[in-house]
Every structure is written in C-alpha cells, then in structure tokens.
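# Coordinates in review
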Amino acid sequence: MLSERRLEVLRAIVQDYVGTEEPVGSKALTERHKLGVSPATVRNDMAALEDEGYIAQPHTSAGRIPTDKGYRLFVDKLAGVKPLSAAERRAIQNFLDGAVDLDDVVGRTVRLLAQLTRQVAVVQYPSLTRSTVRHVELLSLAPARVMLVVITDTGRVEQRHVDCPAPFGETSLADLRARLNSRVAGRRFSDVPQLVQDLPESFDRDDQGTVATVLATLLETLVEETEERLMIGGTANLTRFGHDFPLVIRPVLEALEEQVVLLKLLGEAKDPGMTVRIGHENAHEGLNSTSVVSVGYGSGGEAVAKLGVVGPTRMDYPGTMGAVRAVARYVGQILAES
C-alpha cells in the first residue's frame, strides 16, 4: 500500500500531466501543490512511485508521466466523479429534450457527449432483447397483406410486411390487434412466445392460418439475431491528441470502425455501473493507448444499452466520468417519458 503522501504526489502528477500535457518534475509539483514537504522528499516519493510502476520517465524528459497502473490507482482511489455545473446540466436537458424519436435521441446523445468530453462518443441503441413491448399495431395494406409494427418501451420501432394465406378483413384485424395487445403490451420480449402460443386457436378456423402467420412474423421480429446498432461521433477529436498515441493514430481509428470491438469495449448492458478501462486493459491491440469510460442507460432503473467515450489515457477522468454519467441519466429520463 502506498502512503497517503505518495498517493497525494501521484494525484498531483496525474492532474498536472492531464492539464499541461508535459511530463512533471518534482520542482513544479512542489510549486503548484501544497504537499507540505521539500522537493527532495517529493523526488524520493517519485522514485518510489516509479519503482512500483505507477509513473515512468519518457526518454526525452527529466519529468515523469503516469503509467496505465498509475491511472488505474488514480481512478480507483483518488478521483471522484466531477459533477456538472447547473448551466451544463440545463444545456444537456435542453439539447436532448428537442429529440423527436429514438434515432434523434441517439444522434443528439453522440454529438453532446463528443462536445462535452472532446473525445470520441459511442452510443449503443437500446437492445430489443432487453426491451418490453409497448404496443403492436396491425395495418391492412391489401386484402391478404398486413403491416406489423412493434413499438418498444424505449421508442424503438420495428416494421414487417406479412403476406397472409387468405384475405383478412378489417374486423378480424381489429380483433387480433386487441387480443394481441392485451397479452403482450408491457411484457418483456422474451416472454412473448409463451404468451401468444395458443392465440390462433381462439379464432375461427378460417382465420387461424392468417393469425398464425402474423404471430410467426412477430416472433421472428422479437427473437431474430437483432444486430446491435451503434452510433459513433467526434472521431475528429482524436486528431487533437496526436502526441498521445505513441505510434500512429491509424490503429485507433481502425479499431473504432469495428462494431464488434466497440460493443466489447462498452461491455454488457446488464452491468449498468460505470466502467473505466485504461490502456492495456483494453483487449484490442489498436486501443492499448486509449481509455474507455462507459455506463448503462435505460428507463425504470434497468439498463437497456451502454454509452461512453474513447480517448487517450491522458484523460480528465473525473470530468469525463461526470459527463458520461449525467448524459446517461438524462437519456434514461427521456426514454421513460417518451
């Protein structure tokens, strides 16, 4: 365990390096921070921190910079989550309140996160597998053709065209719509197959084939391997951090283009807490020089997806964590009210 003083020295090094982008020396530390000890003592503390792998010396400088291990200790033990100002919170609310549908909510969230943190923002669309059915609409397109519309609790809308084996009248369609919604509205997608399995039997024999066809399409919509959709924004922000990526920025950009990589980065939506992955904690080699801050969002206290940011390890962790958490909270409120 590091002593309290050495923890304070590490905190000061991280704060100064993040703020100035310059390796930090003992003289500068004692001038900028009230550490209550001499530069010589700070030098000894820095030597101990370096021996234990929390800071390192880049070859070109006499100063020190934090390592992944140093940032990890900073995030776990030293960094609180910096709350947003009242003005920032109002700006978030006003910006997100203008959204007209789910695509707009996700698009605005990406832009907002990228602007607030000046990092790359990634937002996962609410997953169908973790959603509940708000409403099922059935619309007649032709005597034997129906449009099926499924609306989820998160505002996601899925549409399918159904070719029926026989003409299906408006009265029968209205009857099916009412019975279907009475069984599935407000229920989780995973429960729907069991809830509707005996529904065709409750209809006239002439209509049972059509009802079964509509239900088969509904179940395909719910259980098909729905592609987890993501939206990404603010990639241009990475160019501001050119010197933070030791080799070239290309591997980072290539990794960000791979949706599977990004989904793994954000982590499981069922784990809604704040996650911070630093440097080599990211399994993908192209992202070993980045940190990822992510959190779950959703309505009713249950996470339905994740959002987060990707940036250099030299990141303002308290500020980034505060922005990510605040935006997730507002998006959850919007989904709950929509």
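Note that the coordinates shown come from a computational prediction; the quantities given were computed from them, not determined experimentally. (Residues numbered from 1 in each chain as written. Predicted model: local features only at pLDDT ≥ 70, side-chain atom pairs only at ≥ 80, totals over all residues. Heavy atoms only, no water.)

Right, let's get into the overall build of the protein. Looking only at helices and strands, the protein has 12 helices and 10 strands in total. By the compact-globule yardstick of 20 Å for 338 residues, the protein is too spread out, its C-alpha radius of gyration being 26 Å. C-alpha extents for the protein along the principal axes are approximately 90 × 40 × 35 Å. Taking the intrachain contacts of the protein between residues at least 6 apart in sequence as the baseline, contacts between residues at least 24 apart amount to 61%. For the protein, the exposed area adds up to about 16400 Å²; of that, 49% sits on carbon and sulfur atoms. The positive charge centre, built from 38 side chains, and the negative charge centre, built from 45, are 7 Å apart in the protein. (Helix = DSSP H or I, 4+ residues; strand = E, 2+ residues; numbered from the N terminus. Rg over C-alpha atoms; globule rule 2.2 N^0.38 Å. Contact = heavy atoms within 4.5 Å. Areas by Shrake-Rupley, 256 points an atom, 1.4 Å probe, with all protein chains shown as cover. Lys, Arg positive; Asp, Glu negative; His and termini not counted. Charge placed at Lys NZ, Arg CZ, Asp CG, Glu CD.)

Right, let's get into the domain arrangement of the protein. Once the domains are mapped, the protein shows domain 1 (4-77), domain 2 (86-126 + 228-337) and domain 3 (129-225). Centre-to-centre, using C-alpha coordinates, domain 1 lies 28 Å away from domain 2. Both sides of the domain 1 and domain 2 interface together cover about 980 Å² of buried area, and 60% of this is carbon and sulfur. Put simply, domain 1 and domain 2 have 2 salt bridges between them. (Domains from an automatic or database assignment. Buried area = accessible area lost by both parts, 1.4 Å probe. Salt bridge = Lys/Arg side-chain N within 4 Å of Asp/Glu carboxyl O.)

Estimates place the volume of the second largest pocket at around 430 Å³. Taken together, the elements giving at least two residues each to the lining of the second largest pocket come down to helix H1 (4-20), helix H6 (102-117) and helix H12 (317-337). A total of 3 residues in the lining of the second largest pocket trace back to one element, the largest contributor, which is H12. (1 Å grid on protein atoms, 1.4 Å probe; cavity = no way out; pocket = protein on both sides within 12 Å on 5 of 7 lines; lining within 4 Å. Points joined across faces, edges and corners; volume = space filled by probe spheres on them.)

Right, let's talk about the environment of Thr235 for a bit. When you line up the elements, Thr235 lands in the loop between strand E7 (230-233) and helix H10 (250-256). Sequence separation of Thr235 and Val18 is 217 residues, and the distance between their C-alpha atoms is 20 Å. Ignoring sequence-local partners within four residues, the contact set of Thr235 consists of Val120 and Leu253.

Before going further, it helps to spend a moment on the pattern of salt bridges. As enumerated under the stated definition, the model contains 16 salt bridges in all. Among the ionic pairs, Glu31 bridges to Lys27, the shortest N-O distance being 2.8 Å. Here the residue Glu31 and the residue Lys27 both occupy positions in helix H2 (residues 26-32), the gap between them amounting to 4 residues, near one helical turn. Of the two residues, Glu31 and Lys27, both sit in the exposed class. Across the pair Glu158 and Arg160 runs a salt bridge, and its minimum N-O distance is 3.4 Å. (Buried < 20%, exposed > 50% of the residue type's maximum accessible area, 1.4 Å probe, protein only.)

Backbone geometry places Glu21, a non-glycine residue, at a positive phi of 65°. If you trace the backbone, Glu21 turns up in the loop between H1 and H2. A relative accessible area of 37% means that Glu21 is categorised as partly exposed. Of note, Arg118 is a non-glycine position whose phi angle comes to about 55°, a positive value. By the element assignment, Arg118 lies in the loop between H6 and strand E3 (120-124).

With 16 residues, H6 should reach 22 Å at 1.5 Å per residue; the first-to-last C-alpha distance of 22 Å fits that figure. A large share of H6 lies buried, amounting to 12 of its 16 residues. Residues of H6 that are buried include every one of Leu102, Asp104, Val105, Val106, Gly107, Arg108, Thr109, Val110, Leu112, Leu113, Ala114 and Thr117, and no others. Those residues of H6 hidden inside the fold are in contact with helix H5 (86-97), E3, E7, strand E10 (305-312) and H12. Backbone geometry just after H6 places Arg118 at a positive phi near 55°. (Expected span 1.5 Å × (residues − 1).)

Taking 1.5 Å as the rise per residue, helix H7 (residues 170-184) with 15 residues should run 21 Å; its terminal C-alpha atoms sit 21 Å apart, in good agreement. Listed as buried for H7 are Ser172, Leu173, Leu176, Leu180, Asn181 and Val184. Burial along H7 is one-sided: seen end-on, the buried residues are contained in an arc of 160°. H7 presents Thr171 and Ser182 as exposed residues on the side facing more than 90 degrees away from its buried surface. Phi turns positive, to about 85°, at Gly186, one or two residues after H7. (Arc of directions from axis to C-beta.)

The tendency in soluble globular proteins is for nonpolar side chains to be buried as a group. Core analysis: the largest hydrophobic core is formed by 57 residues, its most contacted members being Leu29, Tyr297, Leu307 and Tyr317. Not counting chain neighbours up to four residues away, the residues in contact with Tyr317 comprise Tyr71, Phe74, Val75, Val276, Ile278 and Ser291. (Core = buried A, V, L, I, M, F, W, Y, C linked by side-chain atoms within 4.5 Å.)

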